[in-house]
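Next come the chains, spelled out residue by residue.
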Amino acid sequence: MDWLIMGSLKFLKSASGSSVSTLSFTGCFPTNFNTFVMTLEDLDISAGNAEMQMRFIDSSQAVISDTEYDYAYRNVKSFGTYTGIKDTGVAQIQGLIWLDDFVYSAGALTVWIYNPTDSSEYTYITYASSSDVDSTSSTGYGTKGTAVHKSEELITGVNLLLSSGTMDKIKVNMYGVV
């Protein structure tokens, strides 16, 4: 429910990497916040037609790759009809943003994260992204989705990965909602 967020954002932390297959962003959920916003500031990838995926990190600093996630998203394409994708009981949240590896690739991603610091609640996210996925034409791709991590536990971080290839460069920012 991103349109219901009122108040201001407090910058908390950034994480970056180069030539990595995953980026683990830890220590980004202080307990004095319950709602967070993560933004993608910079991303270059090595393989074309990849999607960004996400998993959470638990209090023992382990990436949660068990089949504890459900997600649903809709892609709106400038070059065709929309598609709806959903899955339950999977090991990662899929479809955060779709990318290509051409030089002038552009994209934006915002993820709203709810309840990661409450060990008695599920952690939910909503996300929205836009990208240009074709080097020869303006081929826009928008995604809006929601997901849940169906385990009541303390979440201490986020793990980002691609469906294929590596992230030549990535930078993400985390904000707390005041």
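Just above sits the structure.
Residues numbered from 1 in each chain as written. Predicted model: local features only at pLDDT ≥ 70, side-chain atom pairs only at ≥ 80, totals over all residues. Heavy atoms only, no water.

(A) Looking closely at the pattern of salt bridges. Counted according to the given criterion, the structure contains three salt bridges. For the salt bridge of Asp42 with Lys169, the shortest nitrogen-to-oxygen distance reads 3.3 Å. A residue pair is termed long-range when its members are at least 10 positions apart, and Asp42 in strand β3 (residues 35–45) and Lys169 in strand β12 (residues 167–177) qualify at 127 residues. Linking Lys150 and Asp70 is a salt bridge whose minimum nitrogen-to-oxygen distance equals 3.1 Å. (Salt bridge = Lys/Arg side-chain N within 4 Å of Asp/Glu carboxyl O. Helix = DSSP H or I, 4+ residues; strand = E, 2+ residues; numbered from the N terminus.)

(B) Quick peek at the pairing of strand β11 (residues 155–162). Where burial is concerned, most of β11 is hidden: eight out of the eight residues are buried. Bridge count for strand β2 (residues 22–26) against β11 is five bridges, and the pairing is antiparallel. When the sheet's bridge partners are listed, Thr26 is paired in β11 with Gly157. Pairing geometry for strand β4 (residues 50–58) and β11, over seven bridges, is antiparallel. Each bridged residue has a counterpart across the sheet, and for Arg55 the counterpart in β11 is Asn159. (Buried < 20%, exposed > 50% of the residue type's maximum accessible area, 1.4 Å probe, protein only. Pairing = 2+ DSSP bridges.)

(C) Highlighting the sheet that holds strand β1 (residues 9–17). On the basis of which strands lie adjacent, the open sheet formed by eight strands has the order β1-β12-β3-β8-β9-β10-β5-β6 and antiparallel pairing. In the strand order of this sheet, the two ends are held by β1 and β6 (83–90), each with one partner. Averaged over all pairs of adjacent strands, the angle between strand axes in this sheet comes to 15°, irrespective of strand direction. (Axes fitted to C-alpha atoms, helices over the stretch in contact; angles between N-to-C directions.)

Note that every value here comes from positions in space, so none of it alone points to a role or purpose.
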